[in-house]
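# Residue-level structural notes
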Amino acid sequence: MTKPRHDIQRVTSGAPWEELVAYRRAVRVGDQVFVAGTVSVDAQGQPFAPGDAGAQTSQCLEIIAQALDKAGSHISHVVRTRLYVTDMSPETQRAVGQAHRKVFAEFPPASAMIGVAALAGPEFIVEIEADAVIPPGD
C-alpha cells in the first residue's frame, strides 16, 4: 500500500457514497482544490427539489461552496465548472445558467454545460464539478 501524502487535504461531506465508492467531496493539493461531481441533496442526503433544474443548480453550488470553505478556499476562487444536465431543453439550460450566474456573475469561471443521459438517480437533473485555485495571499 502506498504511503499517503501529507500535502493533500481530503474533504469529506459524510455522504455514504464516499466510503462505498472511495472518493471525497473535495481534494486540495497546494493552492488547487478539486470538487467532485455534486448532485442536489438536502442535509439528510435525500434528493433536493426533484424536477427543478434551477433549484438543483443552486443547491449543488451551495454544497460546493461548503466543500471549498472546508478546504480553505472560497467560491470566488473557482476557475472552472462543469455542469452535467439530463434535460438540455432551452428552459432547463436557462434555469441552470441563471442559477450559475447568480453565484458567479462577479468572477465567472471557464465553464461547460454538457448534456448527459442520466445521473445518480432519476430525480437529479444537474450535477456540477468545480476546480478552484487559491490566489497567493488568500
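The coordinates are above.
Described in the following lines is the structure provided in the data block. (Residues numbered from 1 in each chain as written. Predicted model: local features only at pLDDT ≥ 70, side-chain atom pairs only at ≥ 80, totals over all residues. Heavy atoms only, no water.)

To continue, consider unusual backbone geometry. Phi angles above zero are rare outside glycine, and Ala22 is one such case at about 65°. Within the secondary structure layout, Ala22 lies in the loop between α1 (16–21) and β2 (26–29). Residue class for Ala22 comes out exposed when judged on its relative accessible area of 68%. (Helix = DSSP H or I, 4+ residues; strand = E, 2+ residues; numbered from the N terminus. Buried < 20%, exposed > 50% of the residue type's maximum accessible area, 1.4 Å probe, protein only.)

So, about the sheet that holds strand β3 (residues 32–39). Taken together, the six strands give an open sheet; going across it, the order is β1-β2-β3-β6-β4-β5, and neighbouring strands pair in mixed fashion. Of all the strands in the sheet, the pair left with one neighbour each is β1 (8–11) and β5 (110–115). Averaged over all neighbouring strand pairs, the angle between strand axes comes to 10°, with direction disregarded. Judged from the six bridges that link them, strand β4 (residues 78–85) and β5 form a sheet pairing that is parallel. When the bridges of β5 are listed, Arg82 appears paired with Ala112. The strands touched by helix α2 (residues 53–70) within the sheet are β1, β2, β3, β4 and β6 (126–133), with β6 carrying the most contacts at an inclination of about 30°. On the sheet, helix α3 (residues 90–104) packs against β4, β5 and β6 and is oriented at approximately 160° with respect to β4. (Pairing = 2+ DSSP bridges. Axes fitted to C-alpha atoms, helices over the stretch in contact; angles between N-to-C directions. Contact = heavy atoms within 4.5 Å.)

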